[in-house]
Amino acid sequence: MNRTKCSPLFLMALTIFIDFASFGIVLPLLPFWAERRGAGPVGVGLAITIYALAQFIFTPVLGTLSDRYGRRPIILASLLIEALSLALAALAGSLPILFVARFIGGLGASNIGSAQAVVADVTPAQGRARGMGLIGAAIGLGFVVGPALGGLLAPLGPAVPFWAAMIVALANALLVLRFLPETRQMEIARPTMNREPTVGTLPGGQVSRFIVGLFAGWRQVLRHPVVARLVVVNLLFTVAFTAMEAVFPLFTQHSFSWTARQNGYIFTYAGIVIVLMQGGMVGQLVKRLGERRLLIAGLVMLAAGLALLAWSTSLALLLVALGIVSMSDGAVTPMVSALLSFANPPTTRGETLGLAQAVAGLGRVIGPLAAGSILATLGPGAPFFVGSALVVLAALIALPALSSKHEVSLRHLAADVQTVSTAQDRS
């Protein structure tokens, strides 16, 4: 890729890193802030669930809007909304206001589909998985750096991390405003705008067209079995992985008598493995195996790693199992995004990638809730076995979809490559 194409990719990775670092600053402190506003355990859980619910609702909406109006204005607006939500959370004098702030924050954080669409816009097919991996690595680094900053800022006052995160979000918005170019090609976008002329005849005209467009991503799933299967795979994978994350500290407490300190170290280890996988190894593995084989290999490894984790009775075995799980996560996440981008023309990338991220957000709600119930009923290792079974099911669902991946990608790849070539010629 030439310099013109690299610049938006790495700038988008930097933007996502700052975005998730801002989110991570307040993440460890949110339960205590909610308690100060009168929340009990249910209220604390609701403050987290409301955020995920907003992401589930609005991630496909922002993705669709980025297809229609451009990536840059949608990403910029979402960062400003995030800053507003953080200020509102810092000023919240009651629990309902905090819930409102969290819902607004989930809306602002629904830009990941639009960010992935930027990657798909500026990378050729052979570099797509590497670009998605770079975004995943940026997310992982944000989750490593953000909580550490939050811990350093917490002694300065309970609201200080929220104000600091707001400043970071505003700085990120300025970065996007100043440096991020618009990557959506206008000659591609215009046919999308005119593709549904009959909608304008409905009552409300443009309003009806706008409302229908917001939920276009769901139509993509219903129309295209390949997209539907990949979205389901993403959901099952996310449920299994987040279930593991939720109960892992309880598992290590039961098996090793660990405290939060040891679990903090082990999660840092897992984060580093994921970052290394997505930031460097994915590109090389895709060249050797291709996206299809790497996704299946990642799912198989994840199923094996989760099962091995349930049997871990020593630190060495635990590190090996968690390393396998982390490497698998680092492989599966960018492969799903890359394959989804292949399965759609450039005019619908944002809406489909946004929908996939929204469904993943739903998985992040279901996973921890299900894992807690399974652990209480069947024991500390049971959620890992159930997660392993879900991942095996995901691999079985993926196989028919991936067998037709080349047919689907060839149908849309001609337009994709033509877009990249045209942009490169202009540069």
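Everything numeric here is computed off the predicted structure, so don't read it as measured data. (Residues numbered from 1 in each chain as written. Predicted model: local features only at pLDDT ≥ 70, side-chain atom pairs only at ≥ 80, totals over all residues. Heavy atoms only, no water.)

Another point: the overall build of the chain. Helix and strand counts for the chain come out as 17 helices and 0 strands. Within the span of the chain, comprising 427 residues, buried residues form 56% of the whole. By element, 71% of the accessible surface of the chain is carried by carbon and sulfur atoms, the whole surface being about 18,000 Å². (Helix = DSSP H or I, 4+ residues; strand = E, 2+ residues; numbered from the N terminus. Buried < 20%, exposed > 50% of the residue type's maximum accessible area, 1.4 Å probe, protein only. Areas by Shrake-Rupley, 256 points an atom, 1.4 Å probe, with all protein chains shown as cover.)

A few words on the packing of helix α7 (residues 128-153) against helix α14 (residues 315-342). Orientation of α7 relative to α14, taken along the N-to-C sense of each, is 135 degrees, at an axis distance of 8 Å. It follows from the interaxial angle that α7 and α14 lie oblique. As α7 runs across α14, the sense of the crossing is right-handed. Contacts from R128, A129, M132 and G133 in α7 reach P334, M335, S337, A338, S341 and F342 in α14. Tallied by class, residues from the contact of α7 with α14 come to 6 nonpolar, 3 polar and 1 charged. (Axes fitted to C-alpha atoms, helices over the stretch in contact; angles between N-to-C directions. Parallel < 35°, antiparallel > 145°, perpendicular 65-115°, else oblique. Left-handed = near helix turned anticlockwise from the far one by under 90°. Contact = heavy atoms within 4.5 Å. Nonpolar A, V, L, I, M, F, W, Y, C, P; charged D, E, K, R; others polar.)

The next point concerns the packing of aromatic side chains. Aromatic rings considered in pairs are described by the distance between their centres and by the relative angle of their planes. Under the counting rule described, the total for this entry stands at 7 aromatic pairs. Their ring planes at 75 degrees and their centres at 5.8 Å tell us that W311 and F385 sit as a pair that is edge-to-face. You can see W311 sitting in the loop between α13 (260-310) and α14 and its partner F385 sitting in helix α16 (residues 382-403), a full 74 residues away along the chain. Given the relative accessible area of 59%, W311 is considered exposed. On the basis of relative accessible area, F385 is assigned to the partly exposed category, the value being 37%. In this arrangement the basic side chain of R37 is found over the ring face of W33, its NZ or CZ atom lying 4.2 Å from the centre. (Phe/Tyr/Trp six-rings, centres within 6.5 Å; stacked < 30°, edge-to-face > 60°. Lys NZ or Arg CZ within 6 Å of the ring centre and 35° of its normal.)

Turning next to the pattern of salt bridges. Scanning the model with the defined rule gives 2 salt bridges in all. The salt bridge involving R71 is made with D67; its shortest N-O contact spans 2.6 Å. Classification of R71 as buried rests on a relative accessible area of 1%. Ionic contacts of the salt-bridge type, sharing partners, join the residues D67, R71 and D121 into one network. (Salt bridge = Lys/Arg side-chain N within 4 Å of Asp/Glu carboxyl O.)

Attention shifts here to the packing of helix α6 (residues 112-122) against α7. Following both chains from N to C, one finds α6 and α7 inclined at 145 degrees, their axes separated by 9 Å at the closest point. Regarding α6 and α7, the two cross each other, and that crossing is right-handed. Side by side, α6 and α7 meet where I112, Q116, V119 and A120 of the first sit next to R128, G131, M132, I135 and I139 of the second. Here the contact of α6 with α7 is built from residues that sort into 6 nonpolar, 2 polar and 1 charged.

All right, on to the confidence of the model for the chain then. The predicted model of the chain has a mean per-residue pLDDT of 79, with 80% of residues at 70 or higher. Mean pLDDT across the elements of the chain bottoms out in helix α17 (residues 405-426) (41) and peaks in helix α4 (residues 71-91) (95). The low-confidence segment residues 404-427 (pLDDT under 50) makes 34 contacts with residues lying over four places distant or belonging to another chain. (pLDDT = per-residue confidence, 0-100.)

Okay, α6 next. Extensive coverage of α6 is indicated by the burial of 11 of its 11 residues. Among all positions of α6, only I112, G113, S114, A115, Q116, A117, V118, V119, A120, D121 and V122 are buried.

Moving on to unusual backbone geometry. Unlike most non-glycine residues, S257 shows phi in positive territory, near 60 degrees. Of note, S257 is situated in the loop between α12 (225-256) and α13.

Further remarks concern a nonpolar patch on the surface. Together, V144, V145, L149 and L152 make up a nonpolar patch on the protein surface, roughly 320 Å² of accessible area in all. Along the polypeptide, L149 turns up in helix α7. The class for L149 is partly exposed, based on a relative accessible area of 37%. (Patch = residues over 30% accessible without salt bridge, like charges linked within 9 Å, V, L, I, M, F, W, Y side chains within 5 Å.)

I16, M244 and L299 are the most contacted members of the largest nonpolar core, which has 82 residues in total. In this structure, M244 is in contact with L306, L309, L322, V325 and F384, ignoring residues within four places of it in sequence. With 24 residues, the next largest nonpolar core counts A47, A89, A92 and F99 among its residues. (Core = buried A, V, L, I, M, F, W, Y, C linked by side-chain atoms within 4.5 Å.)

So, on to the side chain of S388. Note that S388 resides in helix α16. Looking at S388, the relative accessible area reads 10%, which means it is buried. If we skip the residues at most four places from it in the chain, S388 touches A303, L306 and A307.

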